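# Summary of the model geometry
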Amino acid sequence: MELSPGPSPGPCAEMLQVAEEAFRGGNFELAAEIYGSQLAELPQPERGLCLRRGDALARAGRMAEALEAYSAAARLGRLRPEELRELAESLALSLREKALRLPPWPGGGGPEGAGEALGDPACCRPPELLGCPLCRRLLCEPVTLHCGHTRCRRCAEPGDCCHRPRRAADGPASARVNVVLGNLLEKWLEGESRARRLRAEGDELRDRQELPAALEKYNQALETAPCKCSLIAQRAELWITMKNYQQALHDAEALCQNKPLWPKGHYVKAQVLSGLGRTEEALKEFLYCVALNPEWSLMKKEAQKIMCEMFFPAFENVHDSLTAPFSSRTRLKPAFLSSLNAVEDGSAAGCSEDTVFKLTKALSQESDVLRSTSSSLSHNVLDLHFEDHKSLGTILSSLPVARLKRKLSSDLRDLQSLDVPNKIPKKDGDTVLENSATPALREISAVLVDASDFECSLCMRLFYEPVTTPCGHTFCLKCLERCLDHNPYCPLCKEKLSEFLASRTYKKTVLTEELIVRYLPEELSERKKIYEEEMKELSNLNEDVPIFVCTMAFPTIPCPLHVFEPRYRLMIRRCMETGTKQFGMCLADELKGFADYGCMLEIRDVKFFPDGRSVVDTVGVRRFKVLNHGQRDGYNTANIEYLEDKKVEGAEYEELVRLHDSVYDQAVAWFTSLKDNMKAQILNHFGSMPGKESEPQSNPSGPAWYWWLLAVLPLENRAQLAILAMTSFKDRLIAIRRVLIFVTRKRPR
């Protein structure tokens, strides 16, 4: 009887878990050994184990054996480029550490690193503060948004603002250049600013597919630009779009020679080589990009895709779903891999002794899984064994078609006589070490900075809290508000600013203020001192107190005001700015301008209307007597002294209490006898009558119910003013009792 074979044994789950933990912990040698032992025990190789073994070997630096493992996985199923992620990263990191001699990558794995890869090199970056936060280049036609931040006009998106919804009217077409900042850029960085403007014009032409005209703009920009690296990269990309790969290659090679540590240069060169079909050389540039910025995922994918083509073409395993922004490449023939066992002459220029590799024909004995294949790929790969297996130069230098060198400067030695328009000057010495140093921040020369460039055209002083209007003009915030109090037009160009006025949320121009702080600290300190002195003077509630000449006001009684005159708009705003939130209220006087007695009001709330008017909610605080009349900026002021009731004691106090209770009861009886409609009107306007206080002299101005009653009784303003001026509570009680008796007798029956 013939027995059927039992189920095939699988890999040990516990051992695989140990291998994964070892891999995550960085012990790649142990992980590779476990994966290899598990594969050796299987009757048939498992594709997933082959891939994990290849990943571990690649991370351990054993590249030849890693290729064997990946090849075994490829024979079991189509190898996808994303499955070579560990291989690509290992090659790039080895290149970074061994060939480029760079420190470990400082990035935290976030998306910021990939963005930096396409940024301009340090030499092409603008001085601090003068760069656009979006394109990170020198501001070009700077536009200040409603939120106070400044962008290039071309970078300002519709509705680009921190504090309001998007609106199409706010886009670049309607944006106006900030006049002050635009003039500063022309003065401080004339050549660089002109080059930046030409470049922006070239970008617009390129977007409209007017490529020859865009090329002309880039060439003109190169004539005046102090640093040409970024511009040459831009021009090289334009050459690629125009399919002129030879000119693009000239520019790209010049970039890689002059800035070997700038990822963008290698990125551009990779695009050119891809367009020329020189796939192997393109791989080198992709790996440089990843080595210089390990977080650049797009370049990893491109390197993985090319490695599929280069290392495993026989399996037709290039994955079509992996997209790339480069032109189609020529598929490498399987015969290409026969060159893997070709021995270099060991004289690679610039390589140090510790990285010169030796190839020996030592067939790997570690696993029987890979021996049974008849593929020429497997035989050629197995023929390779690298003594210095951790050196990327050892591996990639064995590819004659790729010719990766340890030093970028020697790799492009033939470019010394390259005829590139507006050629970048070459640097002598070790360019890698030189470029690895952190460049000093660029600063504007103190000779170019003039305080008059930051002068408000209204007050003729240094900007204080600068605000830029939609039409591009800048003023001190207080100066602009005073002008808008009188009419809603720009003081310089007379453009209508009604919408700007309606918002009432003026935001300081951040960049202008930062430039003043940076370059004019002494002048700003003096300007701030003057402002603080003005605020201190305006905060005095005894001298030059602002006076609103309008109606009668009483302590504790609300007094809503409708403010529309420009002089009172200014007065209310100053009361808010100083923090006192107080001003005096007096009746008008034909001879003196306003009465000799009044009441201080405290602002509780202000509501502004689009046309500049406002409704101010105030309440009476305390009475005062005017000592001197005056004026400031159109509104009235006064030196004042505050009034307080004279306190009484003993028998006089007892008599005062009896009178107080009697008049209060009389007032309640009068109010209760009023018709319902009249009572409703009084309650809507003045609120309910305050209750009787147990101590009538507790308030320096007397109890609140008294002032409520004085406000609602049908008395002429002059009579009310006479009572307001009294400092004897007894006299005021007697006066109000007479009024109550009079109005009660006159009431119709």
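Heads up: these notes are all about the structure in this document. (Residues numbered from 1 in each chain as written. Predicted model: local features only at pLDDT ≥ 70, side-chain atom pairs only at ≥ 80, totals over all residues. Heavy atoms only, no water.)

## Quick word on the overall build of the chain
- Along its length, the chain carries 28 helices and 10 strands.
- Counting only residues that meet the buried cut, the chain has 49% of its 749 residues in that class.
- Contacts spanning at least 24 positions in sequence make up 64% of the contacts within the chain whose residues lie at least 6 apart.
- Approximately 36000 Å² of the chain is accessible, and the part contributed by carbon and sulfur atoms is 51%. (Helix = DSSP H or I, 4+ residues; strand = E, 2+ residues; numbered from the N terminus. Buried < 20%, exposed > 50% of the residue type's maximum accessible area, 1.4 Å probe, protein only. Contact = heavy atoms within 4.5 Å. Areas by Shrake-Rupley, 256 points an atom, 1.4 Å probe, with all protein chains shown as cover.)

## Examining the side chain of Gln-720
- Along the polypeptide, Gln-720 turns up in helix α27 (residues 717–724).
- For Gln-720, a relative accessible area of 5% translates into the label buried.

## Quick look at the side chain of Lys-228
- Tracing the chain through its elements places Lys-228 in the loop between α9 (211–224) and α10 (229–241).
- Look at Lys-228: it is buried, it has no salt bridge, and the nearest opposite charge is Glu-223 at 8.8 Å.
- In terms of polar contacts, Lys-228 uses its side chain to reach the backbone carbonyl oxygen of Leu-222, at 2.5 Å. (Lys, Arg positive; Asp, Glu negative; His and termini not counted. Salt bridge = Lys/Arg side-chain N within 4 Å of Asp/Glu carboxyl O. Polar contact = N/O pair within 3.5 Å; in protein donor to acceptor, adjacent residues only side chain to side chain.)

## Topic: the nonpolar core
- By size, the foremost hydrophobic cluster in this structure holds 84 residues, and its most contacted members are Tyr-70, Leu-84, Leu-87, Val-268, Val-272 and Met-307.
- Top element by residues in this core is helix α13 (residues 279–292). It accounts for 9 residues.
- Apart from the residues within four sequence positions on either side, Tyr-70 is in contact with Leu-51, Gly-54, Asp-55, Ala-58, Leu-79, Glu-83, Leu-84, Glu-86, Leu-87 and Phe-312.
- By size, the runner-up hydrophobic cluster in this structure holds 72 residues, among which are Cys-155, Val-449, Leu-538 and Tyr-568. (Core = buried A, V, L, I, M, F, W, Y, C linked by side-chain atoms within 4.5 Å.)

## Brief notes about the pairing of strand β10 (residues 635–642)
- When strand β5 (residues 545–549) meets β10, the two strands line up antiparallel, connected through 3 bridges. Opposite Ile-547, over in β10, you have Asn-636 as the bridge partner.
- Here strand β9 (residues 614–632) folds back onto β10, and the loop between the two strands holds 2 residues, one of which, Asp-633, carries a positive phi near 50 degrees. (Pairing = 2+ DSSP bridges.)

## Overview of the pairing of strand β8 (residues 593–608)
- Where strand β7 (residues 582–589) and β8 come together, 7 bridges link them in antiparallel fashion. The residue bridging Gly-584 from the neighbouring strand is Met-600, located in β8.
- With 10 bridges joining them, β8 and β9 adopt antiparallel strand pairing. Looking at the pairing, Phe-608 lines up with Ser-614 of β9.
- Where β8 hands over to β9, the hairpin turn is made up of 5 residues, of which Gly-612 adopts a positive phi near 100 degrees.

## Focus on empty space enclosed by the protein
- Taken as a whole, this structure holds 9 cavities of 30 Å³ or more when the rule is applied.
- Within this model, the largest cavity holds a volume of roughly 200 Å³.
- As for the largest cavity, its lining consists of 15 residues, of which Cys-124, Glu-192, Arg-199, Ala-225 and Cys-227 are closest to the centre.
- Elements that contribute at least two residues to the lining of the largest cavity include exactly α8 (190–207) and α10.
- Counting residues per element, the lining of the largest cavity draws most heavily on α8, at 4 residues.
- Partitioning the lining of the largest cavity into residue classes produces 8 nonpolar, 1 polar and 6 charged. (1 Å grid on protein atoms, 1.4 Å probe; cavity = no way out; pocket = protein on both sides within 12 Å on 5 of 7 lines; lining within 4 Å. Points joined across faces, edges and corners; volume = space filled by probe spheres on them. Nonpolar A, V, L, I, M, F, W, Y, C, P; charged D, E, K, R; others polar.)

## Structural notes on the pattern of salt bridges
- All chains considered together, the criterion is met by 48 salt bridges.
- Across the salt bridge formed by Arg-235 and Asp-251, the nearest N and O atoms sit 3.0 Å from each other. One end of the pair, Arg-235, is in helix α10; the other, Asp-251, is in helix α11 (residues 245–258), with 16 residues separating them in the sequence.
- Residue class for Arg-235 comes out buried when judged on its relative accessible area of 2%.
- Residue class for Asp-251 comes out buried when judged on its relative accessible area of 1%.
- Asp-485 is the salt-bridge partner of Arg-573, the closest N and O atoms lying 2.6 Å from each other. In this pair, Arg-573 is assigned in helix α23 (residues 566–578) and Asp-485 in helix α19 (residues 477–486), connecting sequence segments 88 residues apart.
- Here the salt bridges do not stand alone but share partners, grouping Arg-59, Arg-85, Glu-86, Glu-89 and Lys-300 into one network.

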